[in-house]
Amino acid sequence: MNTRLIDLYIAFLKIGGLTFGGGYAMLPMLQREVIDKHGWATLEEVLDIYAIGQCTPGIIAVNTATMIGYRQRGVIGAIVATLGEVTPSVVIITALASLLVRVQDLVLVQRAFAGIRIAVCALIVQSILTLAKKSVVDIPTTLLFLVSVALTLGFGLSPIAVIILAIGLGIGVGRFRERGTR
Amino acid sequence: MIYLALFWQFFKIGLFSIGGGLATLPFLYKLAETHPHWITASQIGDMVAISESTPGPIGINMATYAGFQSAGYLGGVIATLGEVAPSVIIIIIIARFLANFDKNPTVKDAFWALRPSVVGLIAFAGLKLLGIVVYGQGVFNTQAALVFAILTVAVLTFKRVHPLIWISIGAILGMVFNVGG
């Protein structure tokens, strides 16, 4: 229990700064810093923490950092690890965004971003298909997917409302199934 | 007090976006609708591009970018802190009181419905973005639609190519052939 806060901060600073895209991409860096270098957790614990990070609200990478920080140094450790994880983003994005603000009126820059937006749409299609492969697997889940699109796109329902409805529905269906099997 | 409002809006995004990566996208899109003086819907496409091409979790990169667009340097920091605050609170509670949270049957039940719904929400945001790309100026942009179709096939065919490459290709096509205009 002698983990120094500065070590926590620097470990997650490296993980945040050297991971492109979050999610599974952070696992190799997590393994190197958290398991191999500092021995803060075993591979199995890291995978468990990662699983919890996936099924709690918020950014998975942040959830993982918070959990590991908390286990080492309590509340202050959780905060320090999280700040380490987000520091590279804040620095890099702020620098880039302030640069872009200065050049955003150039025609060439506007053309570039118009082209980039098309590429982003193609990348989002890829992300959706990757996610759908794991979670839209049968008729009920396909219906849930379609209803979610219809409610937001067609009826202008807020994403927050869809999330709350889905949680309620999932728990409700679970209870109903339980009764059926008994 | 814009900083307080910014913190609150991103706190809500952090609280309700589940599933990582692009899960914050539908909320940002909604934010552009309710707070058009902060960010615009077409800027969201730029945010995704920059967030995918730089290190760090995409959700955090997008929060910093959106916060910066809304209220400058401090805005970026405040939005980011707002987005991570719910995570920190919830994870500490779980770490303290709920040892087997991810194996809890009620949590599993909720996720059975949550996962496909979140994919639906990302599809909603993606379709909105696509709408801006191909119908942004009020007329159907055939050229942009065609480039989108070709790039989508390419992205799905060459799965291992880094997003940064596709974003660069989009930028070059835009600059040289004005495909988005």
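Residues numbered from 1 in each chain as written. Chains lettered and ligands numbered in written order. Predicted model: local features only at pLDDT ≥ 70, side-chain atom pairs only at ≥ 80, totals over all residues. Heavy atoms only, no water.

Some thoughts on the confidence of the model for chain A
Across chain A, the average pLDDT comes to 89, with 96% of residues at 70 or higher. Ranking the elements of chain A by mean pLDDT puts helix α3 (residues 43-54) of chain A last, at 82, and helix α6 (residues 139-154) of chain A first, at 95. (pLDDT = per-residue confidence, 0-100. Helix = DSSP H or I, 4+ residues; strand = E, 2+ residues; numbered from the N terminus.)

Regarding the nonpolar core
Core analysis: the largest hydrophobic core is formed by 112 residues, its most contacted members being Phe12, Leu30 and Val34 of chain A together with Phe10, Leu28 and Ile44 of chain B. Viewed by domain, this core spans two of them, domain 1 (5-102) and domain 2 (136-182) of chain A, each represented by three or more residues. Dropping the residues within four chain positions of it, phenylalanine 12 of chain A is found in contact with Leu30, Val34, Trp40, Ala65, Ile68, Ala81, Gly84 and Glu85 of chain A. (Core = buried A, V, L, I, M, F, W, Y, C linked by side-chain atoms within 4.5 Å. Buried < 20%, exposed > 50% of the residue type's maximum accessible area, 1.4 Å probe, protein only. Domains from an automatic or database assignment. Contact = heavy atoms within 4.5 Å.)

Here's the deal with the interface of chain A and chain B
With 88 residues of chain A at the contact, the number on the chain B side is 95 residues. For the pair chain A and chain B, the summed buried surface comes to about 8100 Å²; carbon and sulfur atoms form 79% of the total. Linking chain A to chain B there are one salt bridge. Of the charged contacts in the structure, one is a salt bridge between arginine 117 of chain A and aspartate 46 of chain B, with a shortest N-O distance of 2.8 Å. The interface formed by chain A and chain B includes 14 residue pairs in polar contact (both at pLDDT 80 or more). When residues of the side of chain A that touches chain B are traced back to their parent elements, those giving at least two are α1 (5-18), α3, α4 (60-103), α5 (107-135), α6 and α7 (159-181) of chain A. Looking at the side of chain A that touches chain B element by element, the count peaks at 25 residues for α4 of chain A. Considering only residue class, the side of chain A that touches chain B consists of 56 nonpolar, 25 polar and seven charged. (Buried area = accessible area lost by both parts, 1.4 Å probe. Salt bridge = Lys/Arg side-chain N within 4 Å of Asp/Glu carboxyl O. Polar contact = N/O pair within 3.5 Å; in protein donor to acceptor, adjacent residues only side chain to side chain. Nonpolar A, V, L, I, M, F, W, Y, C, P; charged D, E, K, R; others polar.)

Points about a nonpolar patch on the surface
There is a patch of nonpolar side chains on the surface, built from Val75, Ile79 and Leu83 of chain A together with Phe7, Leu74, Val77 and Leu81 of chain B and spanning about 500 Å² of accessible area. Breaking the nonpolar patch down by element, the ones donating at least two residues are α4 of chain A together with α4 (58-97) of chain B. Inspection of the secondary structure assignment puts leucine 74 of chain B in helix α4. (Patch = residues over 30% accessible without salt bridge, like charges linked within 9 Å, V, L, I, M, F, W, Y side chains within 5 Å. Areas by Shrake-Rupley, 256 points an atom, 1.4 Å probe, with all protein chains shown as cover.)

Comments concerning the side chain of asparagine 141 of chain B
Topologically, asparagine 141 of chain B is positioned in the loop between α5 (105-135) and α6 (142-157). In terms of polar contacts, asparagine 141 of chain B uses its side chain to reach the backbone amide nitrogen of glutamine 143 of chain B, at 3.3 Å.

Quick look at the domain arrangement of chain A
Segmenting chain A into domains produces domain 1 (5-102) and domain 2 (136-182). Centre-to-centre, using C-alpha coordinates, domain 1 of chain A lies 31 Å away from domain 2 of chain A.

Quick notes on the pattern of salt bridges
Residues and elements named next belong to chain A. Evaluated as defined, the whole model comprises five salt bridges over all chains. Across the salt bridge formed by aspartate 7 and arginine 4, the nearest N and O atoms sit 3.4 Å from each other. Across the pair glutamate 33 and lysine 14 runs a salt bridge, and its minimum N-O distance is 3.4 Å. A residue pair is termed long-range when its members are at least 10 positions apart, and glutamate 33 in helix α2 (residues 27-37) and lysine 14 in helix α1 qualify at 19 residues. Among the charged side chains, a salt-bridge network with shared partners connects Lys14, Glu33 and Lys37.

Comments concerning the packing of aromatic side chains
Under the counting rule described, the total for this entry stands at four aromatic pairs over all chains. Both rings, one in tryptophan 8 of chain B and one in phenylalanine 11 of chain B, keep their centres 6.1 Å apart while their planes meet at 20°; by these two values the pair is stacked. Taken together, the positions of tryptophan 8 of chain B and phenylalanine 11 of chain B, both in helix α1 (residues 2-16) and three residues apart, correspond to about one turn of that helix. Put simply, the rings of Phe7, Trp8 and Phe11 of chain B touch in pairs and so form one group of aromatic residues. Above the ring of tryptophan 112 of chain B, the side-chain terminus of arginine 177 of chain A is found at 4.8 Å from the ring centroid. (Phe/Tyr/Trp six-rings, centres within 6.5 Å; stacked < 30°, edge-to-face > 60°. Lys NZ or Arg CZ within 6 Å of the ring centre and 35° of its normal.)

Comments concerning the confidence of the model for chain B
Averaged over every residue, the pLDDT of chain B is 90; the share at 70 or more is 99%. Summarising per-element confidence for chain B, the mean pLDDT is lowest in helix α3 (residues 41-53) of chain B (87) and highest in α6 of chain B (95).

Remarks on the environment of leucine 114 of chain B
With respect to the helices, strands and loops of the structure, leucine 114 of chain B is situated in helix α5. Spatially, the C-alpha atom of leucine 114 of chain B lies 15 Å from that of phenylalanine 27 of chain B, the residues being 87 residues apart in sequence. Setting aside its immediate chain neighbours within four residues, leucine 114 of chain B contacts Ile163, Ala166 and Ile167 of chain A together with Ile18 of chain B.

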